[in-house]
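Below, each chain spelled out in residue letters.
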Amino acid sequence: MTELRTPIIAVLGHVDSGKTTFLDSVRGTALAEREAGHITQHIGATEVPLQVIREQAGALVGVFKFDLSIPGLLFIDTPGHEAFTNLRERGGSIADLAVVVADVQKGLEAQTKEALQILRNHKVPFVVALNKIDMLREYESKKGSVLSNLKNQSQKGLAQLDEKVYEIVGQLFELGFQSERVDRVKEITKEVALIPLSARTGEGIPEILLFLAGLSQRFLEARLHVHAHEGGKGSVLEVKEEKGLGKTIDVILYDGRIRAGDEIVLAGMKGIIHTRVRAMLEPKPLTDIRVAEKFYHVKEVTAAAGVKISAPGLEDAISGSPLLVVWQGNEQELIEKEVRRITFDSSNVGPVLKGDALGSLEALQQLFSKHEIKLRKAGVGPVTRADILEAASVKEKDALQGVVFAFNVPLLDAAKEEARKRNVKVFEERIIYTLHETYARWAEEERQRLHSARMNALPYPVHVHVLKGFVFRRSDPAVVGVRVEAGRLRKGIQLMHRGKVLGKVEGIQVENKPVEEADAGKEVAVSIAGAVVGRGLEEGMDLYTFLTPKALAEWERLEGIKTGERELLAEIRKMSPSLEKPSLA
């Protein structure tokens, strides 16, 4: 037997586009201020009953001719940055519809475009909320229906809004989407509805709620039928300590039912957790499961809903874990398979990743995979000494890969000490998208530093021409005037002519002042220990840096060498016929 459930709505969009503020406007809480960096890090749930939708929409129900009978809407507040690819894909897979929140003045930013691609891949219908219309200079925003408020706008206000709307229509067209302002949509199955919104004033909220409910009712009713009397399927949002209850889990139930006394299976830090539901609590409608202060006890919950579960043995429960009611007997196997997919050890030469939840691990793995970074290890929990040792072993093979990513987890004292001793870099972050950005900046700086260090440790290639008429001393050491033709002349290098070493550069002077080096185009006086003018060293002669086979091979393997330097290295190799060019394989 199936029943009609509440449609699940995902909220996606660019960082700082106003996703959490949009939900605040719906439920009247101040959740946005509680989020790290104002970016939602964990999925939350907000139930909007049908009665509230009807009250908000008012006469709009007749305008759009929606016949509503669904129980309401359940919003899942997915993390806002589109870099959370896997988490968004997970959100998309259980979402019936989505709201993509975009800044009306900034349009579709790169992260928003990625969110749209995820929705397209999962064939999840969506509306676009064009937020921050209250920031438009000519537009007067007020709470309530945006379509009603349009009638009160000046011509300048209407023109400014339309200008921004149709800029975004053009951007969506470039991505392959047909779209139109909500009141101008003719084919709702073919056109994406653009709904002007001010999350701050509440303008546009009625249209968004009504359109989501109407679309669900008209086109997704078959999908909304669930097996209400079969074993429940859900996702663990957070693990919390609750006064009088101990450790509890907040769960989004998206199919079936959970009853007090049911046996449930979920992932834990030390393995699969088998337990029985001791108590269940639901937040009152129009609250968020993370911040609701008043719960009421329930004996049974049917999808779709957000529910708090109290049960023995939840101390090690992992956020982001799937949760299954034991029904067919293979539930443990299914969860073990899911955990193995996300947590692993490998022989990859890559970073070690530790996170606070399966969802964050999944999102970060997708993020790093996109940037072609293969992880050595991924797991839930604090960074341990073993993690540092693992990274140190990778560092011996690749200095840029031997690092640890710690997302929202602490470092144990032993790990801190080991990291200090072995000089292992640990990246600690609480916001997912900044983790890769911080690492990328560090890796580039470290790559340049290592490159410079390797170059400075090698004799620098140079080609100098001994100028005629500028012999200042014939020997002990020989001092002659030269012009640097290519490369860089540095103290300490050996100079050769046609493969024969003539001597070592002891000093360089420009206008009687000593310098450490001279670049191409400079004319300088150079002292060469071991060389004798007239006996191997002659005026008009071309001299080159002498490089050992090992040094020459090192130079030829270096990345980022300029074309002129590579040509100079080729000349030096020709001057040294005994040197065979090494394989670069």
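Thresholds applied
Numbers given for residues are sequential positions, taken from 1 along each chain in its written order. In keeping with the predicted nature of the model, local features appear solely for residues at pLDDT of at least 70, side-chain atom pairs appear and are counted solely at 80 or more, and the whole-chain, interface and lining totals rest on all residues. Side-chain metrics in this entry use all non-hydrogen atoms of the structure; hydrogen atoms and water are not considered. Two strands qualify as a pair provided that DSSP identifies no fewer than 2 bridges between them. The secondary structure listing takes helices from DSSP runs of H or I that are at least 4 residues long and strands from runs of E that are at least 2 residues long, numbered from the N terminus. For helices, the fitted axis covers only the stretch in contact; all axes are lines through C-alpha atoms, and the angles between them, taken along N-to-C directions, range from 0 to 180 degrees. Residue contacts are counted whenever heavy atoms from the two residues lie within 4.5 Å of one another. Each residue's exposure class comes from its accessible area (1.4 Å probe, protein chains only) as a fraction of the maximum for that residue type: buried when under 20%, exposed when over 50%, partly exposed otherwise. Positive residues here are Lys and Arg, negative ones are Asp and Glu, while His and the chain termini are left out of the count. In the sections that follow, a salt bridge refers to a side-chain nitrogen of Lys or Arg positioned within 4 Å of a carboxyl oxygen of Asp or Glu. Each polar contact in these results corresponds to two N or O atoms within 3.5 Å; when the atoms are within protein, one needs to be able to donate a hydrogen and the other to accept it, and residues that are neighboring in sequence are counted only if both atoms are side-chain atoms. The pLDDT score gives, residue by residue, the confidence of the prediction method on a 0 to 100 scale. Working note: the arc is built from the helix axis to C-beta atom directions. Stacked, tilted and edge-to-face are the three classes assigned to paired rings of Phe, Tyr and Trp, where Trp is represented by its six-membered ring and a pair needs centres within 6.5 Å; plane angles under 30 degrees give stacked, over 60 edge-to-face, the rest tilted. Note on criteria: charge over ring means Lys NZ or Arg CZ within 6 Å of the ring centre, with the direction from the centre no more than 35 degrees off the ring normal.

**A short note on the sheet that holds strand β6 (residues 126–131)**
Item 1. Overall, mixed pairing links the seven strands, which are arranged β3-β4-β2-β5-β6-β8-β7 in an open sheet. Of all the strands in the sheet, the pair left with one neighbour each is β3 (45–49) and β7 (179–181). Each adjacent strand pair in this sheet contributes to an overall mean axis angle of 25°, direction not counted.
Item 2. Looking at chain direction, β6 and strand β8 (residues 192–196) are connected through three bridges and run parallel. Counted as the bridge partner of Leu-130 is Pro-196 from β8.
Item 3. Of the strands in this sheet, β6, β7 and β8 touch helix α7 (residues 155–174), which is tilted by about 170° from β7.
Item 4. Sheet strands touched by helix α8 (residues 205–219): β2 (8–13), β3, β4 (72–76), β5 (97–103), β6 and β8. Its angle to β5, the strand with the most contacts, is close to 150°.

**A short note on the environment of Ser-235**
Item 1. Residue position: Ser-235 is located in strand β10 (residues 233–242).
Item 2. For Ser-235 and Arg-573, which are 338 residues apart along the polypeptide, the C-alpha to C-alpha distance reads 64 Å.

**So, the side chain of Glu-207**
Item 1. Within the secondary structure, Glu-207 sits in helix α8.
Item 2. In this structure, Glu-207 is buried with no salt-bridge partner, the nearest side chain bearing the opposite charge being Lys-151 at 9.5 Å.
Item 3. Within the structure, Glu-207 has its side chain in polar contact with the side chain of Ser-145 (distance 2.5 Å).
Item 4. Filtering out sequence-adjacent residues up to four positions away, Glu-207 remains in contact with Leu-60, Gly-144, Ser-145, Val-146, Leu-147 and Ile-195.

**Quick notes on the confidence of the model for the protein**
Item 1. The share of residues in the protein with pLDDT of 70 or more is 90%, and the mean pLDDT across the chain is 86.
Item 2. Every residue in residues 579–585 scores below 50 in pLDDT, and together they form 14 contacts with partners more than four places removed in sequence or on other chains.

**A short note on the environment of Leu-552**
Item 1. By the secondary structure assignment, Leu-552 is in helix α14 (residues 549–557).
Item 2. Once the C-alpha coordinates of Leu-552 and Ile-572 are considered, the two residues, 20 residues apart in sequence, prove to be 8.7 Å apart.

**Concerning the pattern of salt bridges**
Item 1. Summed over all chains, the structure comprises 30 salt bridges.
Item 2. The partner of Lys-308 in a salt bridge is Glu-242, with the nearest N and O atoms 2.9 Å apart. Here Lys-308 is found in strand β18 (residues 305–310), whereas its partner Glu-242 is found in strand β10, with 66 residues between them in sequence.
Item 3. For Lys-308, a relative accessible area of 1% corresponds to the buried category.
Item 4. In this structure, a network of salt bridges that share partners links the residues Asp-162, Arg-181, Asp-183 and Arg-184.

**Some thoughts on helix α11 (residues 385–395)**
Item 1. What α11 keeps buried is the set Asp-387, Ile-388, Ala-391, Ala-392 and Val-394. Down the axis of α11, the smallest arc covering the buried residues is 160°, so these residues share one side.
Item 2. Taken together, the buried residues of α11 touch β21 (352–355), β22 (377–380), β23 (404–407), α12 (413–422) and β24 (426–429).

**As for the sheet that holds strand β20 (residues 344–345)**
Item 1. Across the sheet, which stays open at both edges, the five strands sit in the order β20-β22-β21-β23-β24 with mixed pairing between neighbours. Edge positions in the sheet fall to β20 and β24, since each has one partner strand and no second.
Item 2. Taken together, the four bridges between β23 and β24 define a ladder with parallel strand orientation. Across the sheet, residue Phe-405 finds its bridge partner in β24, namely Phe-427.
Item 3. Across the sheet, helix α10 (residues 358–370) is in contact with β20, β21, β22 and β23; its angle to β21 comes to roughly 145°.

**A few points about the packing of aromatic side chains**
Item 1. Within the structure shown, the criterion is met by 13 aromatic pairs.
Item 2. Pairing Phe-66 with Phe-211 gives two aromatic rings, centres 5.9 Å apart and planes at 80°, and the pair type is edge-to-face. Here Phe-66 is found in the loop between α3 (60–64) and β4, whereas its partner Phe-211 is found in helix α8, with 145 residues between them in sequence. Side by side, Phe-66 and Phe-211 carry an identical accessibility label, which is buried.
Item 3. Here the aromatic cluster, defined as three or more aromatic residues joined through ring pairs, consists of Phe-368, Phe-405, Phe-427, Tyr-439 and Trp-442.
Item 4. The ring of Phe-177 carries the charged tip of Arg-120 above its face, separated from the ring centre by 4.2 Å.
Item 5. In this arrangement the basic side chain of Arg-488 is found over the ring face of Tyr-460, its NZ or CZ atom lying 4.9 Å from the centre.

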